[in-house]
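Descriptive structure summary
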Amino acid sequence: MKAHEASTSATSRAAARGVGRVIPHAPKSSSAFHDRRSRTGALGITRPTSSAAERTAELARVRAKAKRCQACPLYKLGTQTVFGEGPVDARLLLIGEQPGDKEDLAGHPFIGPAGHLLDRALAEAGIDRTEVYVTNAVKHFKWKPAGKRRLHQKPNSREILACRIWLEQELDLVRPELLVALGATAAQALMGRAFRVTTSRGQVLKDSQGRPVLATVHPSSVLRAPPDQREEQYQALVADLKKIPHGKPKPRKG
Ligand code: SF4
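Presented here is an overview of the structure given in this document. On a predicted model such as this, the values are computed, not experimentally measured, just so you know.

In this section: the overall build of the protein. When helices and strands are tallied, the protein shows 10 helices and 9 strands. Among the 254 residues that make up the protein, the fraction classed as buried is 43%. For the protein, long-range pairs separated by at least 24 residues make up 73% of all intrachain contacts whose partners lie at least 6 apart in sequence.

What follows is the structure, encoded as structure tokens:
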């Protein structure tokens with residue numbers, strides 16, 4: 001069995017025991033890195049106090065490894081791995097579903113139309129995008145051809161699970177005070193498949209590891225809404241973001 005197949009298989013077994021559990025093959029170096037020192041944040045989550053420079057360097061190493069990931073078939077479809085971006089000391093970490101067409105080509109998350117809408121919603125909620133870490137549950141673009149266009153395809157549970165190893169390392173290194181799940185894929189990756197954004201959006205809940213999570217819709221769903229509903233759905237997204245405790249997260253000092 002190849003290394004990445006073994007890795008995916010181990011993760012699948014973990015998933016069978018429940019979504020949101022600790023990924024068994026999360027690198028020891030990362031955990032040990034955080035065990036050295038920690039402090040508790042405003043929402044009760046224990047945060048690392050290793051220097052931002054150390055964690056930035058570790059995140060760069062993880063990002064470099066993710067570039068070579070072949071743990072699921074999506075590496076054959078996407079142009080490149082689109083890893084998360086933002087300050088390693090961000091108090092707020094936003095998780096979307098997967099990179100879109102523009103993100104896939106540029107190699108950066110949330111830079112397309114949905115990203116622009118997210119920027120506007122964050123600004124309206126009093127949150128500076130440059131102060132938050134943004135990433136996706138799945139790091140490669142899944143698509144199918146539609147004429148000259150590449151049509152977005154929803155990642156399946158195996159792909160989400162395979163990619164969880166990268167998300168967990170981002171969460172472990174940034175260890176934000178609050179995770180914001182944008183859309184059902186991200187929300188269910190953290191809260192389990194029974195979780196419904198429609199009924200639980202805008203509430204700070206905890207995932208199975210005790211991490212505070214607030215779920216809302218993905219900005220692309222606002223863009224896809226019928227024109228006469230778009231403004232209402234956008235305002236609902238802004239209202240959810242305004243519920244983030246203490247308003248404007250600011251990067252911690254390293
Ligand atoms: S989608 Fe995630 S798990 Fe699949 S190949 Fe890309 S980085 Fe690896």
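Looking now at the environment of Ala-66. As for its placement among the helices and strands, Ala-66 is situated in helix H3 (residues 52–66). The spatial distance from the C-alpha of Ala-66 to the C-alpha of Lys-139 is 8.6 Å, given a sequence separation of 73 residues. Apart from residues no more than four positions distant in its own chain, Ala-66 is found in contact with Thr-81, Phe-83, Lys-139 and Trp-166.

This part is about the environment of Val-138. Position of Val-138 relative to the elements: it lies in the loop between strand E4 (133–136) and strand E5 (143–146). Judged by local crowding, Val-138 falls into the buried class, with 28 C-beta atoms found within 10 Å. The sequence separation of Val-138 and Cys-163 amounts to 25 residues, and the corresponding C-alpha distance is 5.6 Å. Setting aside residues no more than four positions away along its own chain, Val-138 makes contact with Leu-74, Glu-97, Gln-98, Pro-155, Glu-159, Ile-160 and Cys-163.

This paragraph deals with the site of the ligand. Not every one of the 15 residues close to the ligand is listed here, only the nearest: Cys-69, Cys-72, Tyr-75, His-140 and Cys-163. Considering each element in turn, the shell around the ligand owes the most residues, 4 residues, to helix H6 (residues 157–174).

Here we come to the pairing of strand E6 (residues 149–152). For E5 and E6, the ladder comprises 4 bridges, and the chain directions are antiparallel. Directly across from Pro-145, in E6, lies its bridge partner Arg-150. Hairpin connection, E5 to E6: the antiparallel pair is bridged by 2 residues, and Gly-147 has positive phi, about 65°.

On to unusual backbone geometry. What you tend to see is this: most non-glycine residues have negative phi, and most peptide bonds are trans. One non-glycine residue, Phe-110, lies in positive phi territory at about 55°. Structurally, Phe-110 is set in the loop between helix H4 (101–106) and helix H5 (113–124). A tally of 26 C-beta atoms within 10 Å means that Phe-110 is categorised as buried.

Before going further, it helps to spend a moment on the sheet that holds strand E8 (residues 204–206). The strand order across the open sheet built from 5 strands is E4-E3-E7-E9-E8, with neighbouring strands paired in mixed fashion. Two strands lie at the open edges of the sheet, namely E4 and E8, each paired on one side alone. If you compare each strand with its neighbour and ignore which way they point, the axes differ by 30° on average. Pairing of strand E7 (residues 178–182) with strand E9 (residues 212–216), which is carried by 4 bridges, proceeds in the parallel orientation.

Moving on: the packing of H5 against helix H10 (residues 227–242). Closest axis-to-axis distance for the H5/H10 pair is 8 Å, and the angle between their directions is 50°. By the criterion of interaxial angle, the relationship of H5 to H10 is oblique. As for how H5 packs across H10, the hand of that crossing is right-handed. Contact with H5, carried on its side by Ala-121, Leu-122 and Glu-124, involves Tyr-234, Leu-237, Val-238 and Leu-241 of H10 and no other residues of that element.

Moving on to the nonpolar core. In this structure, Leu-92, Leu-93, Ile-95, Cys-163, Val-180, Ala-181 and Ala-187 are the most contacted members of the largest nonpolar core, which totals 55 residues. Sorting elements by how many residues they give to this core places H6 first, with 10 residues. Excluding anything up to four places from it in sequence, Ile-95 contacts Thr-135, Asn-136, Ala-137, Leu-179, Val-180, Ala-181, Leu-182 and Ala-186.

Our next topic: H10. Across its 16 residues, H10 extends 24 Å between first and last C-alpha, which sits within 8% of the 22 Å expected from 1.5 Å per residue. Where H10 is buried, its residues touch H5, E9 and helix H9 (219–224).

Counted residue by residue, E9 has 4 buried out of 5 residues, so it is predominantly covered. Across 3 bridges, E8 lies against E9 in antiparallel orientation. What sits directly across from Lys-206, in E9, is Pro-212. The turn linking E8 back onto E9 is made up of 5 residues, and Gly-210 within it adopts a positive phi angle of 80°.

If you check H6, its first and last C-alpha atoms are 25 Å apart, about what 18 residues at 1.5 Å a residue would give, namely 26 Å. Residue Arg-164 marks the point of greatest curvature in H6, where the axis turns by about 40°. Along H6, 15 of the 18 residues are buried, which leaves the element largely enclosed by surrounding structure. Arg-175 sits one or two residues past H6 and shows a positive phi near 40°.

Scoring rules and cut-offs
- Residues numbered from 1 in each chain as written.
- Predicted model: local features only at pLDDT ≥ 70, side-chain atom pairs only at ≥ 80, totals over all residues.
- Helix = DSSP H or I, 4+ residues; strand = E, 2+ residues; numbered from the N terminus.
- Buried ≥ 20, exposed ≤ 12 C-beta atoms within 10 Å, placed from the backbone.
- Contact = placed C-beta atoms within 7 Å.
- Near = placed C-beta within 6 Å.
- Pairing = 2+ DSSP bridges.
- Axes fitted to C-alpha atoms, helices over the stretch in contact; angles between N-to-C directions.
- Parallel < 35°, antiparallel > 145°, perpendicular 65-115°, else oblique.
- Left-handed = near helix turned anticlockwise from the far one by under 90°.
- Core = buried A, V, L, I, M, F, W, Y, C linked by C-beta atoms within 7 Å.
- Expected span 1.5 Å × (residues − 1).
- Bend = angle between axes of the 7 residues up to and from the residue.

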